[in-house]
Amino acid sequence: MAPLDPHSFTDSTHPLTTHVSLSLYFDFSSATIHGAALFTLSSPYSGQLSLDTRSLSIHQVLSPSTLSPLPFSLSPSPDPIKGILLSVSLPNDNSLSSFIITFSTSPCSSALQWLSPRQTFNKKHPFVFTQCQSIHARSILPCQDTPASRICYSALLNVPRELSAVMSARHVDRRLPVSGEGFSSLLPNGFNSLWCSDTRVVEEFDMSQPIPPYLFAFAVGELGFREVGPRTRVYSEAAEGVLEAAAKEFAGTEEMIRQGEKLFGDYEWERFDLLVLPPSFPYGGMENPRMVFLTPTVIKGDASGAQVVAHELAHSWTGNLITNKNNDHFWLNEGFTTYAERRIVEVVQGEDRAVLNIGIGWRGLNEEMERFKDNLEFTKLKTNQEGVDPDAVYSQVPYEKGFQFLWRIERQIGRPAFDEFLKKYIATFKFKSIDTETFLDFLKANVPGIEKEIDLVLWTEGTGIPPDAYEPVSNLYSKIVSLANEFKLGRMPREDEVADWQGQEWELYLENLPKSVEASQVLALDARYRLSESKDYEVKVSFLQMAILSKCRDFYGEVEKTLKEVGRMKYLRPLYTALVQGVGKEEEKILAKRVFSEARDCYHPIAQGVVESIFSKHL
Ligand SMILES: [Zn+2]
């Protein structure tokens, strides 16, 4: 057994899966998917083949030609992070490079969130969506769940006919089910006979570009869409208000794609569609190829949500085309994407806006240093995540320290040379999964002598923030920081000083204030600027966090309301942490526990886990 990835049972001596062909029956009444899948390996293999699973029932493993059963075994107890090892025994004559597995998910599958009708916008139909990053694909289907493996897939999704489906794949057809099609006749628990029921429809998809398993994605619900560009539709629940607002917010998407192509080379994924999910989506966005998933909190009515779209779009080149080989090298996905996102923002929204983003990121990076001061491993770019749950150490470090590293190289060699280097890097490694060493070797080969100018080892393997990292300078940024410093001395900004501030200016202002101030100051700030009622969650949550830390209890009602209406972890984490961290906060701790017990069912399983880990650390 030679592991390939600290988070997977995949054995480096086994051939990797190149294609999966799926037939999936969605049973909303039991929050379960019943599946049959044909796995194709890169070469024929004999003996035990290791696959990752988590909370799956494995019914049968079959030879594809004869449909005769093949032996398999499951590890007796789950590894707390990796899940359960499925060993499939392939015959000793090296005759098989493919096999079929039939399986069912369970209602607690960590990648899936099943919403009842009352948890949706229209309250008429149920909804289900995936979030597979980093290691949750294994809770939907057995697989070699490591980004070192890249798979193509085809899928038949059998869903209730009043619903429709989207995937991170090309949509081939929506049609009536056909008896025995795909592997549907092998479905377990009698679901094979329900395949052609007249209440069902089949949505067919094909993904011919190889992707790491964490980019496998679907959503099923009552969906509608609006065309917003030649290769972009915005999808969401079919509710007029939601669709209109989303279409307006993302009207500038095609312009961003064109700018991305100028900077980084051709857009390789044909379509760039967007799906706005219900409020419980745990992230800001997820870069599922061809179909980006977004939280509705990015719709702010002022096109500033475009920045999250710029980030997910940038992943089309860095992350999705070139992928980190495993999560130890996550900065290769997120550092590059943060850099690329800011280059796109600079072109479409101006340099001031881009610098402001760098400033917000710089503040965030410094806060993460505080968070990890007793666990410095996770202040490194290249980390060792053996025995560590990637969701537990998810942070801004790979994003912002990674950004700072690339920005440092840009300052060293100049922008034109760095742009040329980036294009060559992307063209060289596209559709490959690589590690930090591969990047550094490529950098040294293409920028001779760079290691004499920049301490590459300190940047990639050292802890903390290197001395040649850089806090940005711009008039707007400096003005906001100095206004925040004046607040500490008791002066609030005047109306004329904040007249043209958008959400990001307020966010930066609030982040530069002391963590806790006098409750009277919090009340005075809100009386003048109504930040607790901001439609922009970045502003609202920053303000509420300060209110909690300042024990300004007037706002606890708003805190509770916010925790119950959104499930984005970026907001849950600071608010719950502020409530339960520290001594002498019995009232806050009781509030946190009560709100979580009432809101828990509305959170995605990944977000539930994050809140539970905050509680276990502080309660
Ligand atoms: Zn990202």
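Residues numbered from 1 in each chain as written. Predicted model: local features only at pLDDT ≥ 70, side-chain atom pairs only at ≥ 80, totals over all residues. Heavy atoms only, no water.

## Here we look at the overall build of the protein
Helix and strand content of the protein: 20 helices and 21 strands. Radius of gyration (C-alpha) of the protein: 25 Å, near the 25 Å computed for a compact globule of 619 residues. Projected onto its principal axes, the C-alpha positions of the protein cover 80 × 60 × 50 Å. Here the protein holds 619 residues, and 61% of them are scored as buried. Taking as baseline every contact in the protein between residues at least 6 positions apart, the subset at least 24 positions apart corresponds to 73%. Entry remark: accessible area of the protein is about 23,100 Å², with carbon and sulfur atoms responsible for 52%. For the protein, the separation between the mean place of its 62 positive charges and that of its 80 negative charges on side chains is 2 Å. (Helix = DSSP H or I, 4+ residues; strand = E, 2+ residues; numbered from the N terminus. Rg over C-alpha atoms; globule rule 2.2 N^0.38 Å. Buried < 20%, exposed > 50% of the residue type's maximum accessible area, 1.4 Å probe, protein only. Contact = heavy atoms within 4.5 Å. Areas by Shrake-Rupley, 256 points an atom, 1.4 Å probe, with all protein chains shown as cover. Lys, Arg positive; Asp, Glu negative; His and termini not counted. Charge placed at Lys NZ, Arg CZ, Asp CG, Glu CD.)

## Some points on helix α5 (residues 331–349)
The end-to-end C-alpha distance of α5, which contains 19 residues, comes to 25 Å, matching closely the 27 Å that a straight helix rising 1.5 Å per residue would cover. Burial analysis of α5 places 15 of its 19 residues in the buried class, which makes it a mostly covered element. (Expected span 1.5 Å × (residues − 1).)

## Considering the domain arrangement of the protein
With domains assigned, the protein is organised as domain 1 (17–221), domain 2 (229–316), domain 3 (326–461) and domain 4 (516–617). For domain 1 and domain 4, the distance between their C-alpha centroids amounts to 37 Å. Each partner contributes to the interface: domain 1 provides ten residues, whereas domain 4 provides six residues. Carbon and sulfur atoms supply 55% of the area that domain 1 and domain 4 bury against each other, a total of about 550 Å² over both sides. Area buried by domain 1 at its contact with domain 4 is led by Ser110, Gln113 and Gln119, which between them contribute 60% of it. Counting the contacts that link domain 1 with domain 4 gives zero salt bridges. Across the side of domain 1 that touches domain 4, the residue classes break down as three nonpolar, seven polar and no charged. (Domains from an automatic or database assignment. Buried area = accessible area lost by both parts, 1.4 Å probe. Salt bridge = Lys/Arg side-chain N within 4 Å of Asp/Glu carboxyl O. Nonpolar A, V, L, I, M, F, W, Y, C, P; charged D, E, K, R; others polar.)

## Section: the pairing of strand β19 (residues 291–294)
Neither face of β19 is exposed, since Met291 and Phe293 on one face and Val292 and Leu294 on the opposite face are all buried. In this sheet, β19 lies alongside strand β17 (residues 273–276) in parallel orientation, the contact comprising four bridges. Its bridge partner being in β19, Asp273 is matched across the sheet by Met291. Both strand β18 (residues 285–286) and β19 contribute to a ladder of two bridges, which runs antiparallel. Residue pairing in the sheet places Met286 in a bridge with Phe293 of β19. Where β18 folds back on β19, the antiparallel hairpin that results is connected by four residues, among which Arg290 adopts a positive phi of roughly 70°. (Pairing = 2+ DSSP bridges.)

## Here we look at the coordination of the zinc ion
Each protein donor to the zinc ion is listed here as His311 (NE2), His315 (NE2), Glu334 (OE) and Glu334 (OE); together their distances run 2.1 to 2.7 Å. Each of the four donor atoms bound to the zinc ion contributes to angles spanning 53 to 152°, and the resulting shape is irregular. Motif for the zinc ion, donor spacing along one chain: H-x3-H-x18-E. With His315 in the loop between α4 (306–314) and β20 (322–324) and Glu334 in helix α5, the pair connects residues that are 19 residues apart, well separated along the chain. (Donors = N, O, S within 2.8 Å, 3.2 Å for Na, K, Ca; no water. Tetrahedral: all angles 85-135°; square planar, octahedral: opposite > 155°, others 65-115°.)

## Quick notes on the UniProt feature "binding site: Zn(2+)" (unreviewed entry) in the protein
UniProt's feature table lists "binding site: Zn(2+)" (unreviewed entry) at His311, His315 and Glu334, given in the numbering used throughout. These annotated residues cover 24 residues of sequence, and their C-alpha atoms lie no more than 9.2 Å from one another, placing them together at a single site. As for its position among the elements, His311 is in helix α4. Classification of His315 as buried rests on a relative accessible area of 0%. Apart from residues lying up to four places away in sequence, His315 is in contact with Glu287, Asn320, Leu321, Asn333, Glu334 and Thr337. Only 2.9 Å separates the side chain of His315 from the backbone oxygen of Thr318, close enough to count as a polar contact. (UniProt positions renumbered as here; feature names shortened; annotations may be inferred. Polar contact = N/O pair within 3.5 Å; in protein donor to acceptor, adjacent residues only side chain to side chain.)

## A look at helix α17 (residues 556–565)
Taken as a whole, α17 has its buried residues at Tyr556, Glu558, Val559, Glu560, Thr562 and Leu563. Looking at the buried side of α17, the elements it contacts are α16 (537–549), α18 (569–580) and α19 (586–599).

## Description of the nonpolar core
Judged by nonpolar contacts, the single largest core of 179 residues is most densely connected at Phe26, Phe218, Phe439 and Tyr576. Apart from the residues lying within four places of it in its own chain, the contact partners of Tyr576 are Leu563, Ala592, Val595, Phe596, Tyr603, Val611, Ile614 and Phe615. (Core = buried A, V, L, I, M, F, W, Y, C linked by side-chain atoms within 4.5 Å.)

## Considering unusual backbone geometry
Following Gln133, the chain continues to Ser134 via a peptide bond in cis, the omega torsion being -5°. Backbone geometry at Ser55 places phi at a positive 40°, although glycine is not the residue there. Take Ser55: its relative accessible area is 28%, and that puts it in the partly exposed class.

## Some points on the sheet that holds strand β15 (residues 223–229)
The five strands lie next to each other as β15-β16-β17-β19-β18, forming an open sheet whose pairing is mixed. The open sheet is flanked by β15 and β18, the only strands paired with a single partner. Where β15 meets strand β16 (residues 232–237), six bridges bridge the pair, whose relative direction is antiparallel. When the bridges of β16 are listed, Gly224 appears paired with Ser236. Together, β17, β18 and β19 form the strand contacts of α4, whose direction differs from that of β19 by roughly 140°. (Axes fitted to C-alpha atoms, helices over the stretch in contact; angles between N-to-C directions.)

## Let's talk about the state of the cysteines
All told, the structure shown has zero disulfides when counted by the stated rule. Residue Cys108 stays outside any disulfide, its sulfur separated by 15 Å from that of Cys132, the closest cysteine. (Disulfide = S-S within 2.5 Å.)

## Side note on the pattern of salt bridges
Counting across every chain of the model gives 49 salt bridges. The shortest N-O distance in the salt bridge between Arg530 and Glu533 comes to 3.8 Å. Given a relative accessible area of 46%, Arg530 falls into the partly exposed group. A salt bridge links Glu560 to Arg594, with the shortest nitrogen-to-oxygen separation between them at 2.9 Å.

## Quick notes on the sheet that holds strand β5 (residues 72–74)
The three strands lie next to each other as β3-β6-β5, forming an open sheet whose pairing is antiparallel. Of all the strands in the sheet, just β3 (47–53) and β5 have a single pairing partner and so form its edges. Mean inter-strand twist for the sheet, computed between neighbouring axes without regard to direction, equals 20°. Where β5 and strand β6 (residues 84–90) come together, three bridges link them in antiparallel fashion. Looking across to β6, one finds that Ser73 is bridged to Ser87.

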